Each structure stands twice: as structure tokens, then as C-alpha cells.
Amino acid sequence: MMNIDDIITAREKMMGTVHQTNLEYSSTFSKLTNNEIYLKLENLQKTGSFKVRGAFNKVHSLTEEELKRGVIAASAGNHAQGVAFSASAWNIPCTIVMPKGAPISKIQATENYGAKVVLEGETFDDANNYARHLQQETGATFIHAFDDEGVIVGQGTIGLEILEQLPDVDAVVCPIGGGGLIAGIATAIKEINPNVKIYGVQTSAVPSMKRSVAERNPIMVNALPTMADGIAVKKPGDKTFEIVQNYVDDIVLVDEMEIARTMLLLLERNKLLVEGSGAAALASLIYGKLPLENKNVVCLVSGGNVDVNFISKIIERGLVESGRYTTFKVILNDKPGELEQLLHELAVTDANIRRVIHHHAGKDVLPGYVQVEISVETRNKAHIEQIDWMLKEKYMHVEFI
């Protein structure tokens, strides 16, 4: 079994190649949560996430013969880039199998590290099965995304850094997918200071580790769509599950709204672009999921690889959820001056108009009328209620969407 000595050795191997990421104090989030909040910025790690740590340590542990045969992995995101980077550091063959629907940006990023990318299947499971098939044919070493001791040990180096950067840490909050990250961190921290609390956070869309701990056995759960795709793992690993059972104090859930708002807050307040899984730990504190108050708390910001085409959607979703953006439809008489009057009344409320669309046809649009769809920037939910009241006082068929 892995232990603290393995993690210390892994850290020595990584020096000069993998970054020691900053631990940044946040006064904003400290005030919001009534704790002293520190952000461990793995989104600024090489390849944009913590995954490079585990991948690099695994590749470093291969024999000379294994290095010649190369490595193979299945991933649609951060693990792919971590393995590809690590393979390039050793100049060995690397194949990454991705589902056909993988974002082009992630395919290109993985290829830029020198890996051969194979697109196979519609889901991660399809890609994973094909990667296993290729591994049998080629003899390459399969690098699992989380359920591998070498990978877990590599992720555990984050725990050593936290203890050095904040010796009086009271609690560490970490996102959980398959469990490799929290298993490594918990092992490192608990074996040095068992008094530090370790909390895991999952999305309520895919609560696999939380359900497994409750059942005392790794189980498969149904997965709902989630923006936190980095932790959308249907079944935790056997190795990671055992470590989580022994070392993790509790696991809590956050929902899509909480993740979206936290991503937006990190972007606005700390100027940090963070993926959904990277925002999950902080979201659990902002929304009061953990019994922590007046404590020194480290939140893992696990990654920042957000697809460019998805950023605007995340921002809009976060704005909507926080009451700072709304869209409504209203029926007007189809004659000059009607729209001008409506826009004037919106301006009086200090709403900033972003988009106006006319619909001259539709089930609610009678001859002589027009349906106008308007999107506006607002201050908060109370501001939206003010606009709603004003519209319903003066117009018929008002619908917020």
C-alpha cells in the first residue's frame, strides 16, 4: 500500500518539471463564508489542472522496457493532457483515446503535447473500452485516470505543499470524481497531521463516491448532465474508495446553480477562469454545506480548462442564477412608438438592454400585435421583481423565460 514516503519521493521526482502552485488568500470568500479561505490554484498548473502530477509520477515509475512500449489512456479532458505532457517529457509514444464528441480545443491541446489522439465511440466508456483493446495489442502501459497507486501518489504531492504553505490549516476541501485527487491529498495530510479535516465535494448530478460510502461499497450511479464534467464519474475506483473511507471526514453535494455562480464569482472577484469541477469545493463553502466557521480552510481549485465556446454560456448562466441577467417576452400593439415606450420604461428602472427580438407570428400573437423578446442586465433578483411588477401593471401576456 502507498504511504507518505511514496508521496515525498514523488515530489522529489517532480521538482523542476511540475509547478508548486500558489496558495492564495481570498478576503472576498473569507467574508462570504466566515472562514479564512485559501485557494490552492491547480488551475494554474502545467496543462491547466492537477492531473499532470499523477500522470508524471506514473510515467516516472515505469521500467525502461515499459517506457519503450509507451503509454495509453482514455480521457476527454484533463487526464489526456496530463498523460500527453508527461509522455513528451520522457519522449515516449503516447496514445489518447477520446470519444468522438470531445471538444476540438481539448483534442488539439493533447496533440500539441505530442500524443496520438484516436477518436472512438460516443461516450467515455466506449473510448475506455477501445483504449483497453489497443493496450492489449500494443503492450503499452495503460494509465488510469484515478484508480492507480502511482497516480494517487502523484496527486498527494498537493497535500505536502498545503502543509508547508499553511502549517495551521484546519480543513481541506476537495472535489471528488473518481477519487484520485482526494485520496492522495488525504493520505499525505492525515498521515502527517490527522487533526486536519478533509472534506470531499461532488456534483448532485453524479454523487458516486457519496453514495458508495453510504453503501460501504463502490457502486455505479446514473449520471445527469453537469457542467462539472471533470468530476462526472459514475463509479469511484476500488483503491480510491478504500482511502476515502479511511481518511475523508465527509462528502457533500453542490448543484449546477451553485457551481455556475461560483465560477462567475471566481472570474469576477479573483480574475480566475475555473472549470465546473474546479469551482465545486469553493461552492460548498459559499452555500453553507460544511460545518466550518472561523477556520483556516484550503479549497482546491482543481482545473481551469474551460472550452472557449462554453465560457459565454457559463457566464450567462451564472448571471441568470444570481439575478443579474433576465429575459422576458411581452405582447405589444404593432404600431409606431409602442416599443420606444417600453424601452423608455425599462430605462427608468435602470435595466441595461442587451437584446431585442420581434416575433410577428406565434400562438400568442394575434393580428395587429407583436411579441417582443428582451434580454436585460439587472442588479439582483429584487431588481427583476421590480421590472416584473412594472411590466404586469402596464402590459398583458408578460412572460419571463
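A brief look at the structure comes next. (Residues numbered from 1 in each chain as written. Predicted model: local features only at pLDDT ≥ 70, side-chain atom pairs only at ≥ 80, totals over all residues. Heavy atoms only, no water.)

Quick notes on helix α13 (residues 276-286)
- The element α13 is extensively covered by neighbouring structure, given that 11 of its 11 residues are classed as buried.
- Those residues of α13 lying buried are G276, S277, G278, A279, A280, A281, L282, A283, S284, L285 and I286. (Buried < 20%, exposed > 50% of the residue type's maximum accessible area, 1.4 Å probe, protein only. Helix = DSSP H or I, 4+ residues; strand = E, 2+ residues; numbered from the N terminus.)

Here's the deal with empty space enclosed by the protein
- Tallied over the entire structure, the rule returns one cavity of 30 Å³ or more.
- A volume near 70 Å³ is recorded for the largest cavity.
- Lining the largest cavity we find M263, L264, L267, L273, V274, V306, I311, I314 and I315.
- If you list the elements that add at least two residues to the lining of the largest cavity, you get α12 (256-269) and α14 (308-321).
- In terms of residue class, the lining of the largest cavity is made up of nine nonpolar, no polar and no charged. (1 Å grid on protein atoms, 1.4 Å probe; cavity = no way out; pocket = protein on both sides within 12 Å on 5 of 7 lines; lining within 4 Å. Points joined across faces, edges and corners; volume = space filled by probe spheres on them. Nonpolar A, V, L, I, M, F, W, Y, C, P; charged D, E, K, R; others polar.)

A few points about the packing of helix α9 (residues 180-192) against helix α11 (residues 238-247)
- Contact pair α9 / α11: the axes reach a minimum separation of 9 Å and the direction vectors enclose 40°. Looking at the two axes, α9 sits oblique to α11. Two packed elements cross with a definite hand, and for α9 against α11 that hand is left-handed. From α9, G180, I182, A183, A186, T187, K190 and E191 reach across to α11, where they touch T240, I243, V244 and Y247. (Axes fitted to C-alpha atoms, helices over the stretch in contact; angles between N-to-C directions. Parallel < 35°, antiparallel > 145°, perpendicular 65-115°, else oblique. Left-handed = near helix turned anticlockwise from the far one by under 90°. Contact = heavy atoms within 4.5 Å.)

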